[in-house]
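Residues per chain are reported as follows:
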Amino acid sequence: MAFLCLKEGDDMRKYRLLIDFSKGFRLKYIASIIATGLSALFSVLIPLIIKLTVDSIIGTKPITSKLMINLVDSLGGRDYILKNLWIMGLLVILLTLLNSLFLYLKGKWSSQASENIAKRFKDSLYETILRAKYEFYSKYPSGEIIQRCTSDVETIRNFLANQFVEIGRTVILLSLILIIMFSLDVKFALVATLIVPIIFAFALWFFTRVQRQFKRSDEAEAELSTVIQENITGIRVVKAFAREEFEIKKFAEKNKTYRDLTYNLIKLFANYWSFSDCLCMIQTALVVLIGSYFAANGKITIGTLLVFVSYEGMLLWPVRQMGRILSDMGKMTISLSRIHEILTQDRENLDEGIKDIEIKGNIEFSSVTFGFDDKNYVLKDISFKIEAGQTVAFFGSTGSGKSTIISLLLRLYDYKKGSIKIDGIELKDISKSFIRQKIGVVPQDAFLYSKTIKENIAITNPDAELEEIYRASQIASIHDTIMEFEDGYDTLVGEKGITLSGGQRQRITIARTVLKDYPILVFDDSLSAVDTETEAKIRNALKERSKNTTTIIISHRITSVKDADIIIVLDKGKVTNIGNHEKLIREEGLYKRVWEIQSLIERDFEKAI
Ligand SMILES: Nc1ncnc2c1ncn2[C@@H]1O[C@H](COP(=O)(O)OP(=O)(O)OP(=O)(O)O)[C@@H](O)[C@H]1O
């Protein structure tokens, strides 16, 4: 899709974005503007027909316009129409109907185009977000991303559906009205437009100023939603720490700020509309008073007076709206920039690199140094070697860099210094999607979708037979628990479904990972909520399942890592000790210290029971 190919560039690029995204719907917009032009024309003709009737059919003023002469002739001539005045009434009804028809078509076409453009924006944003480089997710908070995909797109959709075509309608309507007014009577036209520039300037000034208030009110509303969302998600914390009173007060304060800002906005609008109405009334009164004076003195006809009064009504509303539209354009431009910023994010190139090689599971890190930025290194000169089929554990204090090693293995980030080899091939040369299909990770955060347990497990292998799913769950020691649920594997998980314990969630994510045959398996602190006995059962079942799988375990618990072939101890991004349990409990270092403390606690616990 050509409209998806965006690169960073100057400010005009964001408008280019809009043009690119409207591809295929531009004709609809053109048709919509033509329809709006026609509807404006028909509405402008109505007062002229009334003028013709009053001045030249009922009255005796000669008809000067060629168009009107032709019209009267085609309707049967002046005398015939005078006897059948209903013809003019019918003509007015016909013009009103045509006006309505074209207004309907305008709305229909512009909505179709804007809805489709908004859909394109959302699809593209979603695709970019999913394909973005991993850094992207730490750069933009999720709330911010959601806001750009929803309210920013909505601002653009609204502008394209309503204001964009409205600009066309206003320009056409104003042009027609001004041309007709000035061709009917220049002096009276000047009177009829005397205050119009002031009304327009006032509208523009007000709506530009009010944008800031809108922004503050929007922010206050977003804060209110965040408080609700955080407290509902974290209701256990609220209850456990008896924070209800505090949270209720916090909400009430934010709610008050929001109410005050909204109230302020309503007040501002009330002031604006009353003052603007006042200006419009002065303008209309000027037309009626001076127009009546001109008519009484024979300077203009009654029909002309009627036309001006009608046009004044048609003219003032779009002028006021124009101020709003122009300031909304500013709002739309900001939304467009925010969307443009997301759409120009670098995407991951998943396919580039070596594919279709057999991964056995040999891993070698040589002097790898890595930092999320250029100043602070999280991994410093890391070297180790893992042979296919071995179980390796990373042990270290929190923040020591254990998960970062896995991120590098998955090519979520690229290392700049040192070398990582998988089966002798430099990791950077292997395709990202390929390597991710070969490394099964059970992450720290046991995330489950709002689907059934079966669907959650089968994510890694949607074609898996039920028997295979059962087997994976048995390895993860969760099968019996699932069978105890009323709906078994069809039990729904998530907000509308069953509430699972942390350990149950972890074991379901383990079942999900072992359902597929990965040559390398990673358990990133993913057994922390499982008791040690169940953990041992899971590890034994895993060993039995595949002797050739390289298994990487990350844990703070000695019991989780002590049976590993190699334990790699990390401290502040450096490897401090490497060896098996027996070797490490004899060496001075973090492992020995933690082992001593944990053994002491276990002994005390056993004595107590
Ligand atoms: N995306 C990121 N951007 C910047 N810094 C990060 C990022 N992810 C992790 N870090 C930092 O890198 C360091 C190592 O983090 P890492 O998650 O690898 O530690 P860990 O040993 O797995 O810790 P834990 O046992 O608590 O999970 C920490 O100081 C952390 O703050």
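In this text, all values refer to a predicted model and were calculated from it rather than measured experimentally.

Time to look at the overall build of the protein chain. Regarding its fold elements, the protein chain presents 22 helices and 10 strands. Relative to the globule expectation of 25 Å for 609 residues, the C-alpha radius of gyration of the protein chain, 37 Å, shows a markedly less compact shape. Projected onto its principal axes, the C-alpha positions of the protein chain cover 120 × 55 × 55 Å. Here the protein chain holds 609 residues, and 30% of them are scored as buried. Within the protein chain, contacts between residues separated by at least 24 positions form 77% of all contacts whose residues are at least 6 apart in sequence.

Turning our eyes to something else, we now look at the domain arrangement of the protein chain. Accessible area lost on assembly of the parts is the figure often given for the size of an interface. Looking at the assigned domains, one finds that the protein chain contains domain 1 (20-343) and domain 2 (363-444 + 519-608). Computed over C-alpha atoms, the centres of domain 1 and domain 2 are 62 Å apart.

The next subject is the site of the ligand. All residues adjacent to the ligand are Ser138, Phe372, Val378, Gly396, Thr398, Gly399, Ser400, Gly401, Lys402, Ser403, Thr404 and Asp525. In terms of residue count, the dominant contributor to the shell around the ligand is helix 13 (residues 402-409) (3 residues). Of the residues that constitute the shell around the ligand, the class distribution is 2 nonpolar, 8 polar and 2 charged.

Not every positive phi belongs to a glycine, and serine 367 is a case in point at roughly 45°. Under the C-beta neighbour-count criterion, serine 367 is labelled exposed, with 11 such atoms within 10 Å. Even without being a glycine, arginine 411 presents a positive backbone phi close to 60°. Structurally, arginine 411 is set in the loop between helix 13 and strand 4 (417-422). With 23 C-beta atoms counted inside 10 Å, the residue arginine 411 sits in the buried group.

With mixed pairing, the 6 strands of this open sheet are ordered in space as 6-7-8-3-9-10. Looking at the sheet topology across the chains shown, the edges are occupied by strand 6 (439-442) and strand 10 (574-579). On average, adjacent strands in this sheet sit at an angle of 20° to one another, irrespective of strand direction. As paired elements, strand 7 (residues 520-524) and strand 8 (residues 550-555) share 5 bridges and run parallel to each other. Counted as the bridge partner of isoleucine 520 is threonine 550 from strand 8. Of the strands in this sheet, strand 6 and strand 7 are in contact with helix 18 (residues 502-514), which crosses strand 6 at around 175°.

Here we come to the sheet that holds strand 1 (residues 363-370). Sheet strands line up and pair through hydrogen bonds in the backbone, either parallel or antiparallel. Spatially, 2-1-4-5 is the arrangement adopted by the 4 strands of the open sheet, whose pairing is antiparallel. Where the open sheet ends on each side, the last strands, each with one partner, are strand 2 (379-386) and strand 5 (425-426). Each of strand 1, strand 2 and strand 4 is contacted by helix 13, which is oriented at about 110° to strand 1, the strand it contacts most.

Our focus in this paragraph is helix 2 (residues 26-58). With 33 residues, helix 2 extends 47 Å between its outermost C-alpha atoms, agreeing within 8% with the 48 Å of an ideal straight helix rising 1.5 Å per residue. The largest bend in helix 2 comes to about 25°, at leucine 52.

Our focus in this paragraph is the pairing of strand 9 (residues 566-571). In this structure, strand 3 (residues 391-396) lies alongside strand 9, joined through 5 bridges in parallel fashion. Its bridge partner lying in strand 9, glycine 396 is registered against leucine 570. With 5 bridges connecting them, strand 9 and strand 10 associate as antiparallel partners. Bridge pairing in strand 10 places valine 569 opposite asparagine 577. Taking the residues that link successive antiparallel strands as the turn, the strand 9-strand 10 hairpin has 2 residues, and the phi of lysine 572 there is positive, at about 45°.

Here the focus is the packing of helix 1 (residues 13-21) against helix 12 (residues 302-343). Close contact between helix 1 and helix 12 brings their axes to 9 Å; oriented N to C, the two are set at 85°. It follows from the interaxial angle that helix 1 and helix 12 lie roughly perpendicular. Contact with helix 1, carried on its side by Arg13, Lys14, Leu17 and Leu18, involves Leu336, Ser337, His340 and Leu343 of helix 12 and no other residues of that element. Grouping the amino acids of the contact of helix 1 with helix 12 by side-chain chemistry returns 4 nonpolar, 2 polar and 2 charged.

A separate point is the UniProt feature "transmembrane region" (unreviewed entry) in the protein chain. Using the residue numbers shown here, the UniProt feature "transmembrane region" (unreviewed entry) corresponds to residues 29-50, 85-105, 164-182, 188-207, 272-294 and 300-319. Secondary structure within residues 85-105 divides into 95% helix and 0% strand; the distance between the first and last C-alpha atoms comes to 31 Å. Counting secondary structure, residues 272-294 comes out at 100% helix and 0% strand; the distance between its end C-alpha atoms is 32 Å.

Let us look at helix 16 (residues 466-475). For helix 16, the complete set of buried residues consists of Ile469, Ala472, Ser473 and Ile475. Angularly, the buried residues of helix 16 cover 155° about the axis, an arc narrow enough to put them on a single face. Exposed residues on helix 16 whose side chains face more than 90 degrees from its buried face are Leu466 and Glu467. Buried-residue contacts for helix 16 involve helix 15 (453-457), helix 17 (479-484), helix 18 and helix 19 (532-545).

The next point concerns the confidence of the model for the protein chain. Residues at a pLDDT of 70 or more form 96% of the protein chain, whose mean pLDDT is 87. Overall fold confidence (pTM) sits at 0.76, and the ipTM for the predicted complex is 0.95.

Here the focus is the nonpolar core. By size, the foremost hydrophobic cluster in this structure holds 62 residues, and its most contacted members are Ala511 and Ile567. Dropping the residues within four chain positions of it, isoleucine 567 is found in contact with Ala393, Phe395, Val561, Gly579, Asn580, His581, Leu584 and Tyr591. Counting 31 residues, the second-largest nonpolar core is a separate cluster that includes Leu45, Ile49, Phe188 and Phe206.

It is worth spelling out the pairing of strand 3 at this point. Most of strand 3 sits out of view: 6 of its 6 residues are buried. In strand 3, alternate side chains face the same way, and those of Thr391, Ala393 and Phe395 on one face and Val392, Phe394 and Gly396 on the other are all buried. Where strand 3 meets strand 8, 5 bridges bridge the pair, whose relative direction is parallel. Note that in strand 8 the partner of phenylalanine 394 across the bridge is isoleucine 554.

The rules behind each value
Residues numbered from 1 in each chain as written. Predicted model: local features only at pLDDT ≥ 70, side-chain atom pairs only at ≥ 80, totals over all residues. Helix = DSSP H or I, 4+ residues; strand = E, 2+ residues; numbered from the N terminus. Rg over C-alpha atoms; globule rule 2.2 N^0.38 Å. Buried ≥ 20, exposed ≤ 12 C-beta atoms within 10 Å, placed from the backbone. Contact = placed C-beta atoms within 7 Å. Domains from an automatic or database assignment. Near = placed C-beta within 6 Å. Nonpolar A, V, L, I, M, F, W, Y, C, P; charged D, E, K, R; others polar. Pairing = 2+ DSSP bridges. Axes fitted to C-alpha atoms, helices over the stretch in contact; angles between N-to-C directions. Expected span 1.5 Å × (residues − 1). Bend = angle between axes of the 7 residues up to and from the residue. Parallel < 35°, antiparallel > 145°, perpendicular 65-115°, else oblique. UniProt positions renumbered as here; feature names shortened; annotations may be inferred. Arc of directions from axis to C-beta. pLDDT = per-residue confidence, 0-100. Core = buried A, V, L, I, M, F, W, Y, C linked by C-beta atoms within 7 Å.

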